[in-house]
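# Geometric and topological summary
This is what each chain is made of:
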Amino acid sequence: MSLIKQLHAVRAAQARAVEARHELAVPAQALLSRGQRYPLATVGVAAGAGFVLGQLNVHPLRVPGLGALLSGTAAELVSQGVRLAAEFAQGSFDPS
């Protein structure tokens, strides 16, 4: 494969990645804003899912795909939790 063909393939892949990122940004932003508007509901859903998994004696890493999700995004989850706690502590969290 020539260098020009490889360069073209890379640029095409970069364009597809930018397009996919843009398509994902809109629903992700809607989900994040809903979580900020209703933080107790978000925590309640997470607690409910944890309770159900615990009652069914299902280890979280046995759920398909959840192990990769936890290992791949652990730092992001911790940073979001710290940010949310900091907003609550400062009183700048606006639930409306």
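Overview of the structure.

What counts and what doesn't
Residues numbered from 1 in each chain as written. Predicted model: local features only at pLDDT ≥ 70, side-chain atom pairs only at ≥ 80, totals over all residues. Heavy atoms only, no water. Helix = DSSP H or I, 4+ residues; strand = E, 2+ residues; numbered from the N terminus. Expected span 1.5 Å × (residues − 1). Bend = angle between axes of the 7 residues up to and from the residue. Patch = residues over 30% accessible without salt bridge, like charges linked within 9 Å, V, L, I, M, F, W, Y side chains within 5 Å. Areas by Shrake-Rupley, 256 points an atom, 1.4 Å probe, with all protein chains shown as cover. Salt bridge = Lys/Arg side-chain N within 4 Å of Asp/Glu carboxyl O. Buried < 20%, exposed > 50% of the residue type's maximum accessible area, 1.4 Å probe, protein only.

### Re helix 1 (residues 3-37)
Between the first and last C-alpha of helix 1 there are 50 Å, a value that for 35 residues agrees with the 51 Å anticipated at 1.5 Å per step. The sharpest bend along helix 1 reaches about 30 degrees and sits at A25, with the proline P27 one to four residues further on.

### Thoughts on helix 2 (residues 39-55)
Over its 17 residues, helix 2 runs 24 Å from end to end, which matches the ideal 24 Å to within 8%, given 1.5 Å per residue. Looking at the residues trailing helix 2, positive phi occurs at N57, about 55 degrees.

### Section: a nonpolar patch on the surface
Where nonpolar side chains cluster on the molecular surface, the patch consists of F51, V52 and L56 and spans about 330 Å² of accessible area. Mapping V52 onto the fold places it in helix 2. A relative accessible area of 44% places V52 in the partly exposed class.

Keep in mind that these numbers describe shape and distance, not what the molecule does.
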